[in-house]
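# Residue-level structure breakdown
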Amino acid sequence: QVQLVESGGGLVQPGGSLRLSCAASGSIFIIDTMGWYRQAPGNQRDLVATITRGDITNYADSVKGRFTISRDNAKNTVYLQMSSLNSEDTAVYYCFADQVTGGVTRRWGQGTQVTVSS
């Protein structure tokens, strides 16, 4: 079993920056794609960004140019650097990791709140 622990959320003013981290631990074996989704109140969970083990990245159009995803494979950790934040970025951010053990199982973190407000 893989456990994902997120950190770095909080309250930030519009235009500010935050860095989220998500560390995987447990019976990891191999982790392929990692990434982040977010869910605002009343909305569905939407993709924010993904990164493969080979560092190929993908971003939602709404965050391109403002957010940067990266990972440290040695630490089984994925990061999300967020800048130029606005109120529409307010949401619970969930990280995920695709664990490879024969098949692929997506593991989820517990979520971390990001609030953009003055």
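The structure under discussion appears in the preceding block.
These figures come from a predicted structure and were not determined experimentally. (Residues numbered from 1 in each chain as written. Predicted model: local features only at pLDDT ≥ 70, side-chain atom pairs only at ≥ 80, totals over all residues. Heavy atoms only, no water.)

### Here we look at the overall build of the protein
Test applied: Each helix is a run of H or I in the DSSP string that is no shorter than four residues. Each strand is a run of E no shorter than two, and both are numbered from the N terminus. Computation of the radius of gyration draws on C-alpha atoms, with the globule rule given as 2.2 Å multiplied by the number of residues to the power 0.38. Partly exposed residues are those whose accessible area sits between 20% and 50% of the maximum for their type, while under 20% is buried and over 50% is exposed, using a 1.4 Å probe and protein chains only. In this description, contact between two residues means that some pair of their heavy atoms is separated by no more than 4.5 Å. The positive count covers Lys and Arg only, the negative count covers Asp and Glu only, and His and the chain ends enter neither. Where a charge lies is defined by one atom per residue type, namely NZ (Lys), CZ (Arg), CG (Asp) and CD (Glu).
The helix and strand inventory of the protein stands at 0 helices and 11 strands. Its helices and strands taken in sequence order, the protein reads β-β-β-β-β-β-β-β-β-β-β from the N to the C terminus. Relative to its length of 118 residues, the protein is compact, with a C-alpha radius of gyration of 14 Å against a globular reference of 13 Å. Burial analysis of the protein (118 residues in total) assigns 43% to the buried set. Excluding contacts between residues fewer than 6 apart, the proportion of contacts in the protein whose partners are at least 24 apart in sequence is 53%. For the protein, the distance from the average position of its 10 positive side-chain charges to the average position of its 9 negative side-chain charges is 4 Å.

### Quick word on the side chain of Asp89
Tracing the sequence through the fold places Asp89 in the loop between strand S8 (77-82) and strand S9 (91-101). The class for Asp89 is buried, based on a relative accessible area of 1%. Residue contacts for Asp89: discarding those within four places in its chain leaves Arg38, Arg66, Phe67, Ser84, Val114 and Val116.

### Some thoughts on the side chain of Gln99
As a reminder, the rule being used: As used in this structure description, the phrase polar contact means that two N or O atoms lie within 3.5 Å; if the pair is within protein, one of them must be able to donate a hydrogen and the other to accept it, and residues adjacent in sequence are counted only when both atoms belong to side chains.
Topologically, Gln99 is positioned in strand S9. A polar side-chain atom of Gln99 sits 2.9 Å from a polar atom in the side chain of Arg107.

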